[in-house]
Amino acid sequence: MATALPPSAPVSAYDTLADLLESIGDVPLTRIRANPAPGTATEKDVVAIRDRERRLYELVDGVLVEKTMGCYESILALEIAHLIQTFLDHHDLGVVAGEGGMIRFPPGVRIPDVSFVAWTALPSTEALHQPILATAPALAVEVLSKKNTRKEMARKLREYFDGGVEQVWYLDPKKRTMQVFSAIDRSTIFDENSLVDGGDVLPGFTMRVADVFARADRKRP
């Protein structure tokens, strides 16, 4: 079951910047914001930069890591959200958010490309009006991009499950596969012809991987 997450705080347990960067997943320096200084950023900085610059940053150990996403990856994420929302139109189990939905995951803030939060997990609908949701989603979806590192996504996976997420989906546009995690060490990889189901998170929901790519790859009529 998804849980309410406590506020995050900066972490300063690293002797060097190299140690800090390794901890957050060896992400490219071009995605690390220098101001505020790495290790000192807070949730207020995440919200302020979004409002002021319209740029999205995740907060990891007090470091602002830019969330980068190409147009094609964004379309794929939107297609997944569309399929889930269409299902929810007939089975009102909760709400689905897109790639701007910020969620608190100690030690920081994560922004899944798609997330589903069950009504039963929310303390009230007012929680959805906060800049950063303090309730873990039941489902978190990430569309992998070229700038994502393996270490980065491994850490994110750990944070998701430690925070109470029940299922995590990693869509790989290059391999055209969907990896569905039911635990940090338990996953299944689905190819384009496979049918992914929502399990206990979205009972009754099914989605063919090929359908996501088919809609995203359609040609101009």
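Residues numbered from 1 in each chain as written. Predicted model: local features only at pLDDT ≥ 70, side-chain atom pairs only at ≥ 80, totals over all residues. Heavy atoms only, no water.

Asker: Could you clarify how one ought to interpret the nonpolar core in this entry?
Answerer: In globular proteins that are soluble, nonpolar side chains generally tend to be buried together. Counting 29 residues, the largest nonpolar core has Ile-80, Ile-84, Trp-169, Leu-171, Met-178 and Leu-202 as the members making the most contacts within it. Among the elements of the structure, helix H3 (71-90), strand E6 (114-118), strand E7 (139-143), strand E8 (167-172), strand E9 (177-183), strand E12 (202-208) and helix H5 (209-216) are those that each provide at least two residues to this core. For this core, the leading source of residues is H3, giving seven residues. Setting aside anything within four residues of it in sequence, one finds Leu-202 in contact with Ile-84, Phe-87, Leu-88, Leu-93, Phe-116 and Leu-139. (Core = buried A, V, L, I, M, F, W, Y, C linked by side-chain atoms within 4.5 Å. Buried < 20%, exposed > 50% of the residue type's maximum accessible area, 1.4 Å probe, protein only. Helix = DSSP H or I, 4+ residues; strand = E, 2+ residues; numbered from the N terminus. Contact = heavy atoms within 4.5 Å.)

Asker: Would you take a moment to explain the pairing of E12 for this structure?
Answerer: Where a strand is regular, its side chains alternate between the two sheet faces. Alignment of strand E11 (residues 195-198) against E12, held across four bridges, turns out to be antiparallel. Within E12, the residue paired with Val-196 across the bridge is Met-207. Between E11 and the antiparallel strand that follows it, E12, lie three residues; Gly-199 among them carries a positive phi value of about 55°. (Pairing = 2+ DSSP bridges.)

Asker: Please clarify how the sheet that holds strand E1 (residues 57-60) should be interpreted in this entry.
Answerer: Note: strands within a sheet are paired through backbone hydrogen bonds, in either parallel or antiparallel orientation. Taken together, the four strands give an open sheet; going across it, the order is E2-E1-E5-E4, and neighbouring strands pair in antiparallel fashion. Strand pairing shows two members of the sheet lacking a second neighbour, strand E2 (63-66) and strand E4 (103-105), which therefore form its edges. On average, each strand axis in the sheet is inclined to that of its neighbour by 40°, with strand direction left out of account. Examined bridge by bridge, E1 and strand E5 (residues 108-110) share two bridges and lie antiparallel to one another. Along E5, the bridge assignment pairs Val-60 with Gly-108. (Axes fitted to C-alpha atoms, helices over the stretch in contact; angles between N-to-C directions.)

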